[in-house]
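Observations on chain architecture
Chain by chain, the residues:
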Amino acid sequence: MSKDLLPKGYQANGIHCGLKKKRKDLSLFYSEKPCGAAAVFTRNVVKAAPVILGQELLRKNKGIRAIVVNSGNANCMTGSQGMKDARAMASAMGKLLGVPKETVLVSSTGIIGELMPVKTVIKGMSKIVTGLSREGLQDAADGIMTTDSFRKISSRVFTVGGRKITITGVAKGAGMVKPDMATMLGYVLTDANISRKALKKALHACVDVSLNAITVDGDMSTNDTLALLANGEAGNVLIADKGKDFDVFRRKLESVCRDLAKMIVKDGEGASKFIEVRVKGAGRKVDAKKIAGAVADSLLVKCAVLGGDPNWGRVASSAGSSGVNFDPGKMEISLDGVIFYTGGKAVAHVNRKKTAVFKKKNVRILVDLHSGKEEAVFYSCDISKKYITLNSYYTT
């Protein structure tokens, strides 16, 4: 990856500090100037200590300078000691960088219920700070991974008012992925000069159609965080929360978030196929999204995709169980472009045993309710024996 993928004024690094046996397990993203920040966190009632601390810091709004992330330990369900450890990580990194501890966000991912080896982490911080550079993005992306099989990075470069702006996002996620923000750990950096109100508005709009529209296994994590930082180094005229410049910024941010969302699904634990579930013809956007999510989250649909079985009845059943009231007689179901059900009955000339669908790496499921103009898309993946094997001895 080119060093130019990092927006102006940012540096990054990732190292092995000892939480894992060999793989990198500590990452750092640093801005030379204070950043406006927006973030979304897990809605799980069980929240990890770094999530609680992060929410607290964003409320103080003192400008974020750094994000330090460890993998290998979630620091979740660790009581008062967990909060002390999260604060200790922020304080230690603040001292090393020469910035207030209130400007350091902390994230953790890994096993739940074990105390953080905080001395090991803090010992590694000197090394990671020394190695900060414009070329450190790949290393930082590696350091946040757990069961991921590849690093996830996306970037867009565009202009606003003649000034070049860069948005770069890094994420991790392969399992324990369920929509309802967040669904992973993700950090998006930009050098845009943009108001905090606009930053929050853009992030929430983009999350709704990207990282809140994916599912791997239907399990919501306790640590999920998506943070967006903007340091203003591009020097553009301030982007407000509406207008042409805001729309351009939002579209580019959305494309970065969609890239990261799709990479997470494609890297789903044990997954071999990427599934796009599109629901159209709904009366309300929220209804389209509920149905798409129900189909995408169905284990029976996932199994059908794995086996290449055009079992459209499972799609119909999942749609019907979504809690949305619709007329099944108007519904149309197509798999990989082949219509199997329409007009209240199965298509007579289509033989499901002889029709080849779900055979490629990317598969499509379309449900048309023919009841309105709204639509929604969810991204999912199949599920296999490998997923079961991996998660049956995750901690042992």
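The paragraphs below set out a description of the structure included in this document. Since the model is a prediction, treat every value here as computed from it, not as a measurement.

Quick notes on the pattern of salt bridges
Using the criterion set out here, one finds 15 salt bridges in the structure. A salt bridge links R87 to E56; its shortest N-O distance comes to 3.0 Å. Pair noted here: R87 is in helix α2 (residues 79-97) and E56 is in helix α1 (residues 49-60), with a separation of 31 residues, a long-range link. Since its relative accessible area comes to 38%, R87 is described here as partly exposed. The residue D267 makes a salt bridge to K152 at a minimum N-O spacing of 2.7 Å. One end of the pair, D267, is in the loop between α6 (244-266) and β9 (274-282); the other, K152, is in strand β5 (residues 152-160), with 115 residues separating them in the sequence. The exposure class assigned to D267 is buried, which follows from its relative accessible area of 6%. A relative accessible area of 0% means that K152 is categorised as buried. Through salt bridges with shared partners, a single network forms among E56, K60 and R87.

Some details on the nonpolar core
Formed by 54 residues in total, the largest nonpolar core has its most connected members in F29 and M93. Here the element with the most residues in this core is strand β2 (residues 26-41); it accounts for 8 residues. With 39 residues, the next largest nonpolar core counts A38, A171, A202 and V256 among its residues.

Some points on the sheet that holds strand β13 (residues 362-368)
Spatially, 6 strands are ordered β12-β11-β10-β13-β9-β14 in an open sheet, and the strand pairing comes out mixed. Looking at strand neighbours, the two that pair on one side only are β12 (345-346) and β14 (374-381), the edges of this open sheet. With 7 bridges joining them, β9 and β14 adopt antiparallel strand pairing. Within β14, the position partnered with V279 by the bridge is A376.

Section: helix α8 (residues 299-307)
Those residues of α8 that sit buried are V301, K302, A304 and V305. The buried residues of α8 occupy one face: seen down the axis, they fall within an arc of 160 degrees. Counted as exposed and oriented over 90 degrees from the buried face of α8: L299, L300 and G307. In this structure, the buried residues of α8 make contact with β9, α7 (285-297), α9 (312-320), β13 and β14. Between the side-chain oxygen of the N-cap and the backbone nitrogen of L300 there are 3.3 Å, and the N-cap of α8 in question is S298. In the segment just after α8, G308 is the residue with positive phi, at about 70 degrees.

Focus: a nonpolar patch on the surface
A grouping of V45, V46, M77 and I112 is seen on the molecular surface, where their side chains present a nonpolar patch of about 400 Å² in accessible area. By the secondary structure assignment, V46 is in the loop between β2 and α1. Residue classification places V46 among the partly exposed residues on the basis of a relative accessible area of 31%.

Details of the environment of R156
Take R156: it is sitting in strand β5. A relative accessible area of 23% places R156 in the partly exposed class. Along the sequence, R156 and I167 sit 11 residues apart, while their C-alpha atoms lie 5.3 Å from each other. If we skip the residues at most four places from it in the chain, R156 touches I165, T166, I167, K252, S255, V256 and D259. A polar atom in the side chain of R156 sits 3.0 Å from the side chain of S255. Separated by 2.8 Å, the side chains of R156 and D259 make a polar contact.

So, how was this worked out
Throughout this document, residue positions are counted from 1 along each chain, in the order its sequence is written. Residue-level local features of this predicted model are given only where pLDDT is at least 70; pairs of side-chain atoms are given and counted only at 80 or more, and the full residue set underlies all totals for whole chains, interfaces and linings. The side-chain values count all of the structure's non-hydrogen atoms but skip hydrogen atoms and water molecules. Within this document, salt bridges are pairs made up of a side-chain nitrogen of Lys or Arg and a carboxyl oxygen of Asp or Glu, the two lying within 4 Å of each other. Helix numbering and strand numbering both begin at the N terminus, where a helix is a DSSP run of H or I of at least 4 residues and a strand a DSSP run of E of at least 2. Burial classes follow relative accessibility: with a 1.4 Å probe on protein chains only, a residue under 20% of its type's maximum area counts as buried, one over 50% as exposed, and anything between as partly exposed. We define the nonpolar core as a collection of buried residues of types Ala, Val, Leu, Ile, Met, Phe, Trp, Tyr and Cys that are connected through side-chain atoms lying within 4.5 Å of one another. Note on pairing: two strands pair once DSSP finds at least 2 bridges between them. This arc corresponds to the set of directions leading from the helix axis out to the C-beta atoms. In this analysis, two residues are considered to be in contact whenever any of their non-hydrogen atoms come within 4.5 Å of each other. Under this definition, polar contacts are N or O atom pairs within 3.5 Å; protein pairs additionally need one hydrogen-donor-capable and one acceptor-capable atom, and for neighbouring residues in sequence, both atoms have to be side-chain atoms. Patch membership needs two things, relative accessible area over 30% and no salt bridge, and members are linked within 9 Å if like-charged or within 5 Å if nonpolar (Val, Leu, Ile, Met, Phe, Trp, Tyr). Each accessible area is a Shrake-Rupley result for a 1.4 Å probe, and residues are judged covered by the shown protein chains and nothing else.

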